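Breakdown of the fold
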Amino acid sequence: MAATGNAEEMQLQEMEEEAGMEREMDSDEEEGMGIENSDDEEDDSSEDDKENEAEIQRLEEQLSINAFDYNCHVDLIKLLRQEGELPPLRKARQKMSELFPLTEEIWLDWLKDEIRLTEEEQNREKVYELFEMAVKDYICPEIWLEYAQYSIGGMGLPGGMEKVRSIFERALTAVGLHMTKGATLWEAYREFENVILATVQPPPGIVPTCEQQELLNAQLERIHTLFRRQLAIPLMDMEGTYAEYEEWSDQGVSDTVSQKYKRALQQMEKSKPYEETLMAAEPPKLAEYQTYIDYEQKEGDPARIQIIFERALAENCLVPDMWAKYTKYLDRQLKIKDLVLSSHDRAVRNCPWTMGLWKNYLLALERHGADHHTISDVFEKALNAGFIQATDYVNIWEAYLDYLRRRVDFSKESSRELEELRAAFTRSLDYMKQDVEERFSESGDPSCTIMQVWAKIEALHCKNIQKARELWDSIMTKGNAKFANMWLEYYNLERSYGDALHCRKALHRAVQCTSDYPEHVCEVLLTFERVEGSLEDWDAAVQKTETRLNRVNEQRAKVAEKEAHLVRQEEQKTEQRRRAKADKNQKKGQKGSRPGEKRKAEDEDNENEWGEESEQPPKRHRGEGNQGSFRGGGAEEYMETESGLFGRRAPPCRRQEAPGAKRGQQMAPTTVRKTQEDNPEQRKDDCSVFISNLAFSMEDPEKRLKELFEPCGPVQSVRPVYAAKGFRGYCYVQFEGKTSVPEALKMDRREVDGRPMFVSPCVDKNKNPDFKVFKYNTNLEKHKIFISGLPFSCTKEQLEELCKDQGTIKDIRLVTNRSGKPKGLAYVEFEHEAQASQAVLKLDGTVLQEHTLSVAISNPPRRNAADKPDFSRPMGAMMPRAMVYGSRGKGRTQLSLIPRSLHRQTGSESKAENGTAPKPTGGASGDAGFEAQAKPMSNSDFAKMLLRK
């Protein structure tokens, strides 16, 4: 026993000497990095020393102003390390570690410096404490390996061997699954145990005692266990470990170990492509890591999911979204208190400017039963984190106030928790006014949501309606009295917890003050009096609402008159430009010496309007309909959609063959078109559909469209429309029977070559001048709301989830452009008008995926040119929409501010555009003839139009 003990002590001493030699070698290397002033540094000029000292002083002053300047901390530590200033260097590192997690490089430098110092001070506990701080910041295999190797140097101390094994086990738990670096720790652990094995083995020729044999067997089992554990984990190059185990083990590899090894090898082969992608990718590798994370989450191994998240965060520690995903996974899946809270703490230390991480941290602390003092400290740190917008402070205060409210037992009339909640509400309001408004020049809470919640708590839980009224009075004095939704919130509070007298008082004040939706609050007041009031109350309400609405209408009439004046001015300017262009085109036509040249010039002009630069005919309205009508027959064709004509006049049919190589290319389409025009009786509009929005680059459109529409029925002919430069993007498809048309119309919006194909009925507008496929409603649609500002990724399901609480939804339509891409707009149709009004009040200004939504009653803009085929665009396109309709289309009320006389065109005698008399219907003299017959309207004519009702 004594001999064995002496041998073990000698072996331990040898291991300590080896570890000391390694540290001396590290120290020699570190001396060249500036730990102590080298001979080269002593030769540096005093000027360089003064410059470094000045820079150090500047960095320290900057940190005294802004302690959260990360780069400033890094630069200061680098300079102090070069100067060899060890006490200031230690202090600078400690200050930085209190504010931020340190990177792997900073920690390793710090640890090596401290290890060298502790050899002189003989104080290893300080280094152990430093290692514990380091391994909490990031899951780093290098730091854990350094930690284990440092602990080996102290295994000769009491309990040293158990401490080494404990550190190795913690390291394997933390990073043993790291597919590329985990094997290093396993090998270091096995090497340590092999050294211990050598100390307990008796010399050759000596028979061990029973006690020595037991120690030997126990040590052999430890090494066997390490091999078996490692081979069951998928790691890179695990085949070499298996071969080493076969060589080391006298008994061979058992079948159980082989089976686990094969399963791990298969798992490693599945993950290997992701690892290779990571190695080949350039930093920050966010997309590659996210793909790897998605794969591991599908596999479902929590330990592997955790390690890949940690690896991603080690390289992307300043990406808040990655921290949010990791903490969300831990909160919902693992739910291990220490792991969850430590991860939340690391998240806010890495990204302190992200309010969402602090908010989730507070929730996690409450969820895991943290004490009130801890949660309050975290909240105070959040307030000092330096958020980038005022609303972040509102949100973090709301999260903390929610926590305080959940602590209160409202069954007691008074309690310490309730007083603390009220004090926190008061402090939050003062904080918003003093700190947030001074910094951002705004409160961040214009709707006073914090005060609204406080008022509801006082009314609901504390039965203190008087306090709630005082809070609402304060809310209204902060600029909210003009909004109907604020008054209705106040009214609902009084309706639930107050009395009829205060309800009536609130509604009367709402009628007097509301400026955005006065009609709505007037309707609510009248409804209230129908249910609650006497005849005197009813009469007072009617008089109040009528007086208010008359005043509102007068104000709107004045605004309408001003805007109508602007409209007329813009129309006159547009008319002047149009006439100048017509004169220019007329002069250009007179210069042509031959008919062929004149036709060529006209074709070139048409190419500018329809040519390949635009790649498509002019756009439809913002999605208010999918189909249009087309007038067939004649040389000039017009497509009418709900937005008016489908662009300008279609180019004349080219009956003359193009010269050169293009002649053969244009022959086929020209022949088809000429045959159809020469034989109009063969064209059957009731058996045809019009196809538009096709790609100009489509090869052989006749054959392609015939194949597309053959499932709808027998196709008689396909008539593509061509221009000088090729296919125009639209055509006719004529079937043999009428029954095929409804089936073809069902193909509207089907994607062809990456863009939606529009399918519309084909109607001869000469025979049916009033026919419209889509009856575009220009009136106020009180049952439908218009939503703008939506994120482009928003789906119908998300929109339905957002709006379903407001009432019964009949239809939802997302607006897209011609290529099918969303425009951030949508229409939601409710069953009743009241539901749509309520939706406007509730949803306007809400935030969806960081997008603020604008919600209003649907009031589509009018389409002046819908019945005027000779004008190229509707009047609304001649001026900015805001000039005609206001900031939200037609004002917040969605009522038109232009006299109805300017909106309607009831007959041919009243139709006029741009201040001119209507164009005669007979004859076909063209634009020049129309201008010769047009007569400008006098001021009296405009006055009559404005005053007409």
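Check the entry above for the structure.
The following refers to the structure shown. Think of each chain on its own: its residues are numbered from 1, step by step along the sequence as written. It should be noted that, the model being predicted, local features are given only for residues of pLDDT at least 70 and side-chain atom pairs only at 80 or more, the latter also being counted only at that level, while totals for whole chains, interfaces and linings use all residues. The side-chain numbers reported here are obtained from all heavy atoms of the structure, hydrogens and water having been left aside.

Topic: the overall build of the chain
- When you go through the chain residue by residue, the secondary structure sums to 37 helices and 14 strands.
- Expressed as a percentage of its 949 residues, the buried residues of the chain come to 45%.
- Here the Shrake-Rupley method, with its probe set to 1.4 Å, supplies the accessible areas, and only the displayed protein chains count as covering residues. Surface summary for the chain: the accessible area is close to 49,700 Å², and the carbon and sulfur share equals 49%. In this text, helices come from DSSP runs of H or I with a minimum length of four residues, and strands from runs of E with a minimum of two, each type numbered from the N-terminal end. Each residue gets one of three labels from its accessible area relative to the maximum for its type: buried under 20%, exposed over 50%, partly exposed in between, using a 1.4 Å probe on protein chains only.

A closer look at the nonpolar core
- Throughout this description, the term nonpolar core refers to a set of buried Ala, Val, Leu, Ile, Met, Phe, Trp, Tyr and Cys residues connected via side-chain atoms within 4.5 Å. Judged by nonpolar contacts, the single largest core of 124 residues is most densely connected at Ile396, Trp397, Ile785 and Ile787.
- The residues touching Trp397, leaving out its near neighbours within four places in the chain, are Phe379, Leu383, Ala424, Arg427, Ser428, Tyr431, Met432 and Ile450.
- If you look at the next biggest cluster of nonpolar residues, it comprises 54 residues, including Leu89, Leu102, Val127 and Ile196. Residue contacts follow a heavy-atom distance rule, with two residues in contact if any of their heavy atoms lie within 4.5 Å.

Brief notes about the sheet that holds strand β6 (residues 726–735)
- Overall, antiparallel pairing links the five strands, which are arranged β5-β6-β4-β8-β7 in an open sheet. Of all the strands in the sheet, just β5 (715–723) and β7 (750–752) have a single pairing partner and so form its edges. With strand direction ignored, the average angle separating the axes of adjacent strands in the sheet is 30°.
- Its contacts with the sheet put helix α30 (residues 701–709) on β4 (688–692), β5, β6, β7 and β8 (755–761), and the angle it makes with β5 is roughly 140°. By this definition, two strands are paired if DSSP reports at least two bridges between them. All axes here are fitted lines through C-alpha atoms, helices being fitted over the stretch that makes contact, and every angle between N-to-C directions spans 0 to 180 degrees.

A short note on the sheet that holds strand β14 (residues 854–858)
- Spatial strand order, β10-β11-β9-β14: four strands in an open sheet with antiparallel pairing. Lying at the two open borders of the sheet, with one neighbouring strand each, are β10 (809–816) and β14. On average, each strand axis in the sheet is inclined to that of its neighbour by 20°, with strand direction left out of account.
- Where strand β9 (residues 781–788) meets strand β11 (residues 822–830), five bridges bridge the pair, whose relative direction is antiparallel. Bridge pairing links Ile787 to Ala826 in β11.
- Of the strands in this sheet, β9, β10 and β11 touch helix α32 (residues 796–803), which is tilted by about 135° from β10.
- Against the sheet, helix α33 (residues 833–843) engages β9, β11 and β14, with an angle of about 25° to β9.

Considerations on the packing of helix α23 (residues 465–480) against helix α24 (residues 484–497)
- It is at 11 Å that the axes of α23 and α24 come closest, and there the two elements cross at 175°. Considered as vectors, α23 and α24 are oriented roughly antiparallel to each other. Along the contact surface, α23 presents Ile465, Ala468, Arg469, Trp472, Asp473, Ile475, Met476 and Asn480, while α24 presents Met486, Trp487, Glu489, Tyr490, Leu493, Glu494 and Tyr497.
- Classes in brief: Ala, Val, Leu, Ile, Met, Phe, Trp, Tyr, Cys and Pro nonpolar; Asp, Glu, Lys and Arg charged; the others, Gly included, polar. Looking at side-chain class alone, the contact of α23 with α24 contains 10 nonpolar, one polar and four charged residues. Here the angle decides the label: under 35 degrees means roughly parallel, over 145 means roughly antiparallel, 65 to 115 means roughly perpendicular, and every other value means oblique.

Some remarks on the environment of Phe379
- Mapped onto the secondary structure, Phe379 falls in helix α19 (residues 372–383).
- Along the primary structure Phe379 and Trp397 are separated by 18 residues, whereas in three dimensions their C-alpha atoms are 8.5 Å apart.
- Excluding anything up to four places from it in sequence, Phe379 contacts Leu362, Ile396, Trp397, Tyr400 and Arg427.

Examining helix α21 (residues 416–440)
- Every helix has an expected span of 1.5 Å times one less than the residues it contains. Along its 25 residues, α21 runs 34 Å from first to last C-alpha, staying within 8% of the 36 Å computed at 1.5 Å per residue.
- When α21 is considered as a whole, its buried residues turn out to be Leu418, Leu421, Ala424, Phe425, Ser428, Tyr431, Met432, Val436 and Phe440.
- Tucked inside the fold, the buried residues of α21 contact α19, α20 (390–407) and α22 (449–460).
- Of the residues trailing α21, Ser441 is marked for its positive phi of about 60°.

A look at the environment of Gly824
- If you trace the backbone, Gly824 turns up in strand β11.
- Among the residues examined, Gly824 registers a relative accessible area of 6% and is labelled buried.
- Sequence separation between Gly824 and Ile787 is 37 residues, and the spatial gap between their C-alpha atoms is 8.2 Å.

Structural notes on the packing of aromatic side chains
- What counts as a ring pair is set by centres within 6.5 Å for rings of Phe, Tyr and Trp (its six-membered ring), and what kind of pair is set by the plane angle: stacked under 30 degrees, edge-to-face over 60, tilted for all other angles. Tallied over the entire structure, the rule returns 33 aromatic pairs.
- With a centroid separation of 5.2 Å and 10° between ring planes, the pair formed by Phe425 and Trp454 is classed as stacked. Here Phe425 is found in helix α21, whereas its partner Trp454 is found in helix α22, with 29 residues between them in sequence.
- With a centroid separation of 6.4 Å and 70° between ring planes, the pair formed by Phe709 and Phe735 is classed as edge-to-face. Taken together, the positions of Phe709 in helix α30 and Phe735 in strand β6 put the pair 26 residues apart, joining distant regions of the chain.
- Overall, the relative accessible area of 0% leaves Phe709 in the buried class.
- Of the residues examined, Phe735 reaches a relative accessible area of 0% and is grouped as buried.
- For a Lys NZ or an Arg CZ to count as sitting over a ring, it must be within 6 Å of the ring centre and within 35 degrees of the ring normal. For the cation-ring pair, Arg124 lies above Tyr150, with the distance from its terminal atom to the ring centre recorded as 4.1 Å.
- Here the basic side chain of Lys163 rests over the ring of Tyr128, its NZ or CZ set 4.4 Å away from the ring centre.

Points about the side chain of Gln230
- Mapping Gln230 onto the fold places it in helix α11 (residues 210–231).
- Not counting the four nearest positions on each side in its chain, Gln230 is found in contact with Ala183, Trp186, Arg190, Leu235 and Thr241.

Regarding the pairing of β5
- Of all nine residues that make up β5, eight are buried, and the element is covered over most of its length.
- With seven bridges connecting them, β5 and β6 associate as antiparallel partners. Each residue of the ladder has a partner; that of Pro720, found in β6, is Cys731.
- Linking β5 back to β6 in an antiparallel pair, the connection comprises two residues.

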